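Below are the chains, spelled out letter by letter.
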Amino acid sequence: MLVIHGLIRLNIGTSSSRQLRKRNNKIPSVVYGKDQQTIYFSLDHDIIFNMQKKPQFYTDSMMLRIDSNKYLVCVKEVQKHCFKPKLLHIDFLYK
């Protein structure tokens, strides 16, 4: 099972997402689900970019570790830049 480590984002929105991508080389992400709390967090771009090249990233469940909490999630959607090899945003769903 893949394990992904993330950090909570306090600032959400377009400008803070751009700053994450440009200054910190992070990917803004969100995990949501029915009757569950939505969590906004950031992931390290280079680590996730290498993980997403494997097919099981999109098909298997994975463990998401944010601070000291663990969540079982799967990938819902990945937004990629149209011509650069760069990820822009990832949505996860609770399992």
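In case you missed it, the structure is sitting above this.
Residues numbered from 1 in each chain as written. Predicted model: local features only at pLDDT ≥ 70, side-chain atom pairs only at ≥ 80, totals over all residues. Heavy atoms only, no water.

1. Notes on the pairing of strand S2 (residues 26-32)
- With five of seven residues buried, S2 is to be regarded as a mostly interior element.
- Examined bridge by bridge, S2 and strand S3 (residues 39-44) share six bridges and lie antiparallel to one another. Looking at the pairing, Val31 lines up with Ile39 of S3.
- Turn length for the S2-S3 hairpin, with the two strands adjacent in sequence and antiparallel, is six residues, and the turn residue Asp35 shows positive phi of about 60 degrees.
- Bridge count between S2 and strand S6 (residues 87-94): four bridges; the pairing is parallel. Bridge pairing links Ser29 to Ile90 in S6. (Buried < 20%, exposed > 50% of the residue type's maximum accessible area, 1.4 Å probe, protein only. Helix = DSSP H or I, 4+ residues; strand = E, 2+ residues; numbered from the N terminus. Pairing = 2+ DSSP bridges.)

2. Section: the pairing of strand S1 (residues 2-8)
- In the sheet, S1 pairs with strand S4 (residues 62-66) via five bridges, with the strands oriented parallel. Bridging from a neighbouring strand, Ile4 pairs with Leu64 of S4.
- Bridging between S1 and S3 involves two bridges; their strand directions are antiparallel. Its bridge partner lying in S3, Ile8 is registered against Phe41.

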